[in-house]
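So the chains spell out like this:
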Amino acid sequence: MSKNELLRAENVSQVFGGLRAVSNFDMQINRGELIGLIGPNGAGKTTVFNFITGVYQPTTGEVEFDGKSVVGLAPYEITQRGIARTFQNIRLFSELSVLDNVKIAKHCHTKYGLLESIFRVGRYESEEKQIEDECRELLKIFKLEDKIDETAKNLPYGAQRRLEIARALATQPKLLLLDEPAAGMNPQETHELMEMIRWIRKNFGLTVLLIEHDMSLVMGICERLYVLEYGMIIATGTPEEIQNNPEVIRAYLGAETIN
Amino acid sequence: MSSQRKYDLILILLGLVIFAIFEILIVTKTIGAFWQLNLLLIGINIIMAASLNLINGYTGQFSLGHAGFMAVGAYVGVVATTNFHLPLFVALILGAVAAGILGFLIGLPTLRLKGDYLAIATLGLGEIIRIVIMNIDYVGGAAGFKGIPHLTNFAWVFFAVLFTLFFIKNFVNSDLGRACIAIRENEIAAEAMGVNTTKFKVMAFTIGAAFAGIAGGLFAHNFYLISPASFTFMASFNYLIMVVLGGLGSLTGSIAGAFVVTFISAALADLPEFRMIIYALALILLMFYRPQGLFGYMEISSISIFRKFFDRLKGKRDV
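Residues numbered from 1 in each chain as written. Chains lettered and ligands numbered in written order. Predicted model: local features only at pLDDT ≥ 70, side-chain atom pairs only at ≥ 80, totals over all residues. Heavy atoms only, no water.

Attention now goes to the overall build of chain B. Helix and strand counts for chain B stand at 13 helices and 2 strands. Here chain B has a C-alpha radius of gyration of 20 Å; the compact-globule value for 319 residues is 20 Å, and the two agree. A principal-axis box enclosing the C-alpha atoms of chain B has dimensions of 60 × 50 × 45 Å. In chain B, which comprises 319 residues, the proportion classed as buried is 52%. Contacts in chain B between residues far apart in sequence, at least 24 positions, make up 80% of those at least 6 positions apart. Of the side-chain charges in chain B, 20 are positive and 14 negative, and the distance between the mean point of each set is 8 Å. (Helix = DSSP H or I, 4+ residues; strand = E, 2+ residues; numbered from the N terminus. Rg over C-alpha atoms; globule rule 2.2 N^0.38 Å. Buried < 20%, exposed > 50% of the residue type's maximum accessible area, 1.4 Å probe, protein only. Contact = heavy atoms within 4.5 Å. Lys, Arg positive; Asp, Glu negative; His and termini not counted. Charge placed at Lys NZ, Arg CZ, Asp CG, Glu CD.)

Here it is in structure tokens:
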């Protein structure tokens with residue numbers, strides 16, 4: 001495995017009863033890349049996210065992250081290794097404030113223990129202050145600093161999506177998985193989101209894998225694309241290559257098979 | 001000294017002042033024997049409600065067996081003082097440790113269950129604890145344990161309450177408490193944020209059980225006799241009512257809930273035939289008009305009239 005490689009999925013299949021959601025899936029992502037995963041509805045894109053993050057255990061195959069296998073680990077252990085994600089259907093801590101949402105994500109980098117929190121001694125004070133500062137900083141980047149005390153469920157939809165990304169970043173990941181970050185956003189918001197993804201990738205030194213249906217966003221920022229259909233990769237390549245790939249056009253437009 | 005620790009110290013000082021006021025009222029016999037007993041019960045119920053709130057309200061795990069842990073604390077405590085002549089303090093700690101260990105052992109397998117299933121499992125386990133105690137002749141079986149020294153007084157209860165509230169307040173305002181609250185809010189998201197959900201559910205359950213053990217010890221040493229009949233699932237329900245009535249996820253709510261429920265049942269002691277009817281009606285009305293409980297998720301320090309006062313304690317300047 002080359003040093004530059006961050007994630008490798010080899011020959012992964014995911015079977016639910018009689019349904020093969022994903023079969024013979026191969027993927028390889030290098031450090032610093034921005035990769036898109038596209039495909040028609042029900043193609044198995046979110047399933048891919050779920051077996052990378054440990055929500056599902058792949059039926060067969062191997063997933064390696066940062067040189068080590070992550071198959072069999074629980075989702076929280078995978079987050080601690082450095083993979084963070086957002087969800088297609090937003091899963092915020094909806095009754096909590098915006099700030100608390102992000103603070104929770106600092107969990108795996110907090111070291112103080114039970115007695116230190118009860119008696120507020122030792123590392124409690126300094127770590128809590130650091131958590132607070134870092135969270136405020138993150139929220140500023142995502143233009144949520146004036147909504148810090150707002151309850152998360154009261155935020156507008158676009159802001160909720162931004163908060164989810166901010167929360168994922170607070171876990172300090174190496175690899176960020178975004179599941180339809182632009183869903184429900186208007187073109188203006190989508191454009192801003194694109195700029196933001198570019199910016200955070202550069203400034204946090206992140207590797208990003210995103211699922212998206214909005215082609216302007218996918219073609220605008222992704223360097224490489226994987227196209228899934230019926231759980232199988234039908235094409236990979238640069239956005240230009242994908243746009244001209246007859247298989248992809250068939251999958252998306254439903255045209256007759258071109259031989 | 002840091003501002004947060006200063007705030008804690010001021011709150012403790014405030015607690016001492018309240019303690020002094022009540023103690024004077026008791027010594028001068030302004031509070032009679034009947035209300036003095038109810039004051040102790042309110043305190044014990046506050047410990048029960050606050051510790052159950054940590055499990056049900058903050059961590060969102062619906063437990064219905066809290067009286068079982070109280071029974072363990074009570075019986076371990078009375079054996080320690082009556083049979084081994086240990087001081088009450090040691091008895092309370094032994095009771096807390098025993099209830100905590102049992103909570104840990106029960107929590108590990110049952111907390112895999114969710115919602116209704118967990119409620120039924122904990123209900124059953126609470127009953128198992130009671131029935132096991134009922135069949136141990138060493139502690140008197142169904143007839144109960146007799147000849148317990150009367151060691152509980154207002155000071156013991158008050159400082160146990162203060163310690164419980166202090167402990168739980170600081171727990172939920174730490175990273176560990178945030179992890180528990182995250183589990184309540186969205187378990188899948190909590191796991192995705194790196195929270196080991198099983199660990200924190202079991203942690204909350206164990207801490208809650210340990211405090212129920214302390215409450216049990218205080219309860220037992222207030223009477224000359226305890227029997228398994230005091231720890232039925234009806235008792236568990238009663239603590240649950242206090243928590244829900246006060247507000248799931250609010251410590252102030254647990255205090256208010258324990259106070260209101262104990263007060264209503266004491267005030268209606270003269271009308272035994274109407275007591276349960278009025279009690280039930282009060283609950284129905286409350287759930288109609290305030291389903292989130294008296295305090296919802298709010299604490300007294302975040303309600304606007306009190307906020308200024310608490311902010312000044314914390315040393316915040318007006319902005």
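Let's shift gears to the environment of Leu 105 of chain B. By secondary structure assignment, the location of Leu 105 of chain B is in helix α4 (residues 88-110). In this structure, the C-alpha to C-alpha distance between Leu 105 of chain B and Thr 206 of chain B, residues 101 residues apart in sequence, is 8.7 Å.

A word on helix α7 (residues 175-185) of chain B. Residues and elements named next belong to chain B. With 11 of its 11 residues buried, α7 lies for the most part within the structure. Those residues of α7 that fall on the buried side of the exposure criterion are Asp 175, Leu 176, Gly 177, Arg 178, Ala 179, Cys 180, Ile 181, Ala 182, Ile 183, Arg 184 and Glu 185. With a side-chain oxygen positioned 3.2 Å from the backbone nitrogen of Leu 176, the residue opening α7 is Ser 174. (Polar contact = N/O pair within 3.5 Å; in protein donor to acceptor, adjacent residues only side chain to side chain.)

This part covers the environment of Asp 8 of chain B. With respect to the helices and strands, Asp 8 of chain B occurs in helix α1 (residues 3-27). With 162 residues separating them in the primary sequence, Asp 8 of chain B and Asn 170 of chain B have C-alpha atoms 9.2 Å apart. Contact partners of Asp 8 of chain B, with chain neighbours within four places excluded, come to Arg 120 of chain A together with Phe 166, Lys 169 and Asn 170 of chain B. Within polar-contact distance, the side chain of Asp 8 of chain B engages the side chain of Asn 170 of chain B at 3.3 Å.

Considering all chains together, one arrives at 3 cavities of 30 Å³ or more under this definition. Within this model, the largest cavity holds a volume of roughly 50 Å³. Taken together, Gly 158, Arg 162, Met 185, Glu 189, Glu 192, Leu 193 and Met 196 of chain A make up the lining of the largest cavity. The greatest single-element share of the lining of the largest cavity, amounting to 4 residues, is contributed by helix α7 (residues 187-204) of chain A. Residue classes in the lining of the largest cavity are distributed as 3 nonpolar, 1 polar and 3 charged. Of the volumes computed, that of the second largest cavity is approximately 40 Å³. If you trace the second largest cavity, you find it lined by Ser 63, Gly 65, Phe 69, Ile 106, Thr 122, Leu 125, Gly 126, Ile 129 and Phe 205 of chain B. Among the elements that take part in the lining of the second largest cavity, helix α5 (residues 115-134) of chain B stands out by supplying 4 residues, more than any other. (1 Å grid on protein atoms, 1.4 Å probe; cavity = no way out; pocket = protein on both sides within 12 Å on 5 of 7 lines; lining within 4 Å. Points joined across faces, edges and corners; volume = space filled by probe spheres on them. Nonpolar A, V, L, I, M, F, W, Y, C, P; charged D, E, K, R; others polar.)

Moving on to the sheet that holds strand β10 (residues 232-237) of chain A. Strand pairing in a sheet relies on backbone hydrogen bonds, with the paired strands running either antiparallel or parallel. Residues and elements named next belong to chain A. Strand order in the open sheet made by the 6 strands is β6-β7-β8-β3-β9-β10, with mixed pairing throughout. Lying at the two open borders of the sheet, with one neighbouring strand each, are β6 (83-85) and β10. With strand direction ignored, the average angle separating the axes of adjacent strands in the sheet is 20 degrees. Along the sheet, helix α10 (residues 246-253) contacts β3 (34-38), β9 (224-229) and β10; its crossing angle with β10, the most-contacted strand, is approximately 125 degrees. (Pairing = 2+ DSSP bridges. Axes fitted to C-alpha atoms, helices over the stretch in contact; angles between N-to-C directions.)

Residue and element names in this part refer to chain B. Taking 1.5 Å of rise per residue, the 20 residues of α5 would be expected to cover 28 Å, and the 29 Å separating its terminal C-alpha atoms lies within 8% of that figure. Of the residues making up α5, those classed as buried are Leu 118, Ala 119, Thr 122, Gly 126, Glu 127, Ile 129, Arg 130 and Ile 133. Buried residues along α5 cover an arc of 165 degrees about the axis, so they all sit on one side. Opposite the packed face of α5, turned more than 90 degrees from it, sit the exposed residues Asp 116, Tyr 117 and Ile 120. Buried residues in α5 make contact with α3 (66-83), α4, α9 (197-220) and α10 (233-246). (Expected span 1.5 Å × (residues − 1). Arc of directions from axis to C-beta.)

Glancing now at the nonpolar core. Counting 140 residues, the largest nonpolar core has Phe 142, Leu 163, Leu 176 and Leu 210 of chain A together with Phe 171 of chain B as the members making the most contacts within it. Per element, the largest residue contribution to this core is 15 residues, and it comes from α9 of chain B. Beyond its immediate chain neighbours, meaning those up to four positions away, Leu 176 of chain A contacts Ala 84, Ile 165, Ala 168, Leu 169, Ile 200, Leu 206, Thr 207, Val 208 and Leu 209 of chain A. Phe 49, Leu 175, Leu 209 and Tyr 226 of chain A belong to the second-largest nonpolar core, a separate cluster that totals 27 residues. (Core = buried A, V, L, I, M, F, W, Y, C linked by side-chain atoms within 4.5 Å.)

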